[in-house]
Amino acid sequence: MMDALGAVASLVKPAAMQVLLAYERLESGVAYNPVSEEAARDPYAVYRRIRDRDPVHRMRLVDAWVLARYEDADAMLRDHARFSNEDRRFHDTGLTTLLDIDPPDHTRLRSLVSRAFTPRSVRNWHGRVQVIADRLLDAAADQDRFDLIAALGYPLPVTVIAEMLGVPAEDMDRFEGWSNDIALIVEPILSPAQVEGVRRATEELFAYFETIVEARRREPRDDIVSALLAAEEEGDTLSRVELLSTMLLILVAGNETTRNLIGNGMLALLRHSDQLQRLRDEPGLLEPAVDELLRYDSPVQLDGRVLREDLEMGGKRLRAGEKVIALLGAANRDPAAFQHPDALDIGRKEKSHLSFGRGIHYCLGASLAVLEARIAFQGLLDRFASIRLAAEPRYRDGIVLRGVENLWIEVEPRVRPA
Ligand code: HEM
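Reference entry: report on the structure contained in this document. Note that the structure is a prediction, hence the values are computed from the model and not measured.

Moving on, we come to the site of the ligand. Around the ligand, 28 residues are found, and the nearest of them are His106, Arg110, Asp303, His361 and Cys363. Arg110 is positioned with one of its side-chain polar atoms (N or O) 2.7 Å from an oxygen atom of the ligand. The residue inventory of the shell around the ligand, partitioned by class, reads 15 nonpolar, 9 polar and 4 charged.

Now for the layout of surface pockets. Roughly 750 Å³ of volume is contained in the largest pocket. Surrounding the largest pocket, 36 residues form its lining, Ala40, Arg41, Pro43, Tyr395 and Arg402 being those nearest its centre. Among the secondary structure elements, those contributing two or more residues to the lining of the largest pocket are helix 1 (4-11), helix 3 (37-41), helix 4 (43-53) and helix 14 (256-271). Considered class by class, the residues forming the lining of the largest pocket number 18 nonpolar, 6 polar and 12 charged.

Before going further, it helps to spend a moment on the packing of aromatic side chains. This structure, assessed with the given rule, holds 7 aromatic pairs. Ring geometry for Phe146 and Phe384: centres 5.9 Å apart, planes at 50°, overall tilted. Of the two residues, Phe146 is situated in strand 4 (residues 145-147) and Phe384 in strand 9 (residues 384-389); the sequence distance between them amounts to 238 residues. Comparing Phe146 with Phe384 shows no difference in burial state: the two are buried. Ring geometry for Phe356 against Tyr362: centres 6.1 Å apart, planes inclined by 70°, an arrangement best described as edge-to-face.

Now for the pairing of strand 5 (residues 302-307). Within strand 5, 6 of the 6 residues are buried, which leaves the element mostly enclosed by the surrounding structure. By the alternation rule, side chains of strand 5 split into Leu302, Gly304 and Val306 and Asp303, Arg305 and Leu307, which are all buried. Where strand 3 (residues 83-84) and strand 5 come together, 2 bridges link them in antiparallel fashion. Directly across from Ser84, in strand 5, lies its bridge partner Val306.

A surface patch of like charges, here negative, comprises Asp181, Glu196, Glu203 and Glu204. Considering each element in turn, the negative patch owes the most residues, 3 residues, to helix 11 (residues 192-218). The residue Glu204 is located in helix 11 in this model.

What follows is about the sheet that holds strand 5. In space, the 5 strands of this open sheet follow the order 1-2-8-5-3, with mixed pairing throughout. The strands lining the two open edges of the sheet, one partner per strand, are strand 1 (56-59) and strand 3. The pairing of strand 5 with strand 8 (residues 323-327) spans 5 bridges and is classified as antiparallel. Across the sheet, the residue bridging to Leu302 is Leu327, located in strand 8. In the packing of helix 5 (residues 70-78) onto the sheet, contacts are made with strand 1, strand 2 (64-67), strand 3, strand 5 and strand 8, and the angle to strand 5 comes to roughly 60°.

Let us now look at the environment of Ala16. Here Ala16 shows up in helix 2 (residues 14-28). Residues Ala16 and Leu61, spaced 45 residues apart in sequence, show a C-alpha to C-alpha distance of 9.6 Å.

The next thing to look at is the coordination of the iron atom of the ligand. When only protein atoms are considered, the iron atom of the ligand has one donor, Cys363 (SG), at a distance of 2.3 Å. Here Cys363 shows up in the loop between helix 17 (328-331) and helix 18 (366-383).

Along the chain, the position of Ala289 falls in helix 16 (residues 286-296). Exposure remark for Ala289: the relative accessible area of 1% places this residue in the buried category. Placed 112 residues apart in sequence, Ala289 and Gly177 show a C-alpha to C-alpha distance of 31 Å. Not counting residues up to four positions away in its chain, the partners in contact with Ala289 are Leu279 and Ile346.

This part covers the pattern of salt bridges. Throughout the structure, instances matching the rule amount to 34 salt bridges. Here Glu312 and Arg317 are joined by a salt bridge, their closest N and O atoms 4.0 Å apart. Glu312 gets classed as exposed once you look at its relative accessible area, which sits at 57%. One salt bridge in this structure joins Arg333 and Asp342, with 2.8 Å as the shortest N-O distance.

Thresholds applied
Residues numbered from 1 in each chain as written. Predicted model: local features only at pLDDT ≥ 70, side-chain atom pairs only at ≥ 80, totals over all residues. Heavy atoms only, no water. Near = heavy atom within 4 Å. Polar contact = N/O pair within 3.5 Å; in protein donor to acceptor, adjacent residues only side chain to side chain. Nonpolar A, V, L, I, M, F, W, Y, C, P; charged D, E, K, R; others polar. 1 Å grid on protein atoms, 1.4 Å probe; cavity = no way out; pocket = protein on both sides within 12 Å on 5 of 7 lines; lining within 4 Å. Points joined across faces, edges and corners; volume = space filled by probe spheres on them. Helix = DSSP H or I, 4+ residues; strand = E, 2+ residues; numbered from the N terminus. Phe/Tyr/Trp six-rings, centres within 6.5 Å; stacked < 30°, edge-to-face > 60°. Buried < 20%, exposed > 50% of the residue type's maximum accessible area, 1.4 Å probe, protein only. Pairing = 2+ DSSP bridges. Patch = residues over 30% accessible without salt bridge, like charges linked within 9 Å, V, L, I, M, F, W, Y side chains within 5 Å. Areas by Shrake-Rupley, 256 points an atom, 1.4 Å probe, with all protein chains shown as cover. Salt bridge = Lys/Arg side-chain N within 4 Å of Asp/Glu carboxyl O. Lys, Arg positive; Asp, Glu negative; His and termini not counted. Charge placed at Lys NZ, Arg CZ, Asp CG, Glu CD. Contact = heavy atoms within 4.5 Å. Axes fitted to C-alpha atoms, helices over the stretch in contact; angles between N-to-C directions. Donors = N, O, S within 2.8 Å, 3.2 Å for Na, K, Ca; no water.

Read these as layout, nothing more, since geometry by itself doesn't imply function.
As structure tokens, then:
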């Protein structure tokens with residue numbers, strides 16, 4: 001688990017941190033401290049302040065610009081020529097994936113990987129996701145109180161991805177450990193021990209994946225690895241490291257994010273019981289509801305780039321080589337883009353949230369994640385006549401990935417006809 005505060009403390013002494021924040025406030029009228037208690041409790045209040053007072057804001061703690069307006073975040077994500085994904089990481093963990101490269105390499109690799117994520121292949125997954133979700137929910141359904149993260153939020157995405165990658169069920173626990181360790185790579189604030197943890201987990205996972213690749217080379221199956229190997233045989237170039245990094249990215253990118261969508265989404269519905277009831281009354285709203293839950297409490301809060309050339313934004317001069325972070329969570333609550341942005345409205349017409357990014361790096365697994373969330377929420381509503389929050393959940397530490405540690409709920413089963 002990420003301890004962002006601990007990581008800051010090991011990098012920046014508390015006194016130095018206070019000086020940086022004071023300087024930032026003096027400079028712009030507002031300071032952004034993503035590891036403050038307030039930011040953990042309600043990042044949206046912090047974002048609002050930045051958006052209102054200094055929307056293109058220099059954050060001193062990690063020395064990067066942060067963009068809090070929808071318009072600027074959207075422009076950054078679309079402009080891959082000036083806002084690069086290369087060298088955007090705050091730490092060198094030795095790992096390069098689709099998310100760390102620009103065209104033309106990105107174009108070539110993405111077109112190969114996209115073959116495994118066509119709308120048709122995701123539709124083919126529908127039945128399998130339903131079976132896995134049903135099995136998990138049935139196992140939980142005889143209890144009147146359970147942790148939704150442990151019962152569904154964690155195992156659903158990890159099982160789906162493990163099956164896609166052809167990982168045997170008995171390796172699932174190791175798989176989860178690696179995924180959690182490597183997911184930290186997205187965080188701007190890490191301690192040296194955490195950076196080392198990413199490196200170690202990457203090495204172990206690569207060694208593990210090598211055995212799967214070898215097995216699929218000998219005997220192809222209906223899984224992503226076989227699809228990628230087939231693409232290679234058709235003459236496309238996919239180096240060994242690219243193949244392993246892509247498998248790793250699929251594991252890491254789709255795991256905690258989807259868990260957070262299920263957890264944050266259900267939590268938002270439980271806190272807005274009128275919207276939960278509305279979803280029961282109007283099942284047709286499931287589709288916009290998932291979009292709205294993604295907007296309302298985005299599983300990925302920040303997305304970073306590096307500037308390739310000097311430019312002006314919001315009256316500020318940004319220079320080539322500087323890091324820029326789009327606050328997706330802030331953009332999704334920008335009143336210039338969404339009416340009553342702090343209200344949860346599952347029938348909302350505006351769907352253009354930035355939670356899956358935008359432009360050439362737009363999330364490859366978006367339709368899979370949405371499919372899993374729809375099946376998860378529908379399964380809960382079908383099984384239980386009432387669902388209530390049983391305990392106040394705690395959000396995990398971490399600045400980029402936002403999600404609850406656990407989500408204890410109290411449920412009453414539907415009375416089934418005899
Ligand atoms: C609710 C769940 C998810 C969220 C919120 C999410 C979010 C994102 C975001 C914001 C990006 C863009 C990052 C950038 O612009 O730098 C991204 C990219 C990506 N996502 Fe997801 N993701 C989710 C689920 C998944 C799943 C289930 C998979 C695969 C199984 C996946 C695979 C990927 C891949 C491969 C990329 C890189 C695309 C590229 O660089 O061209 N994601 N995701």
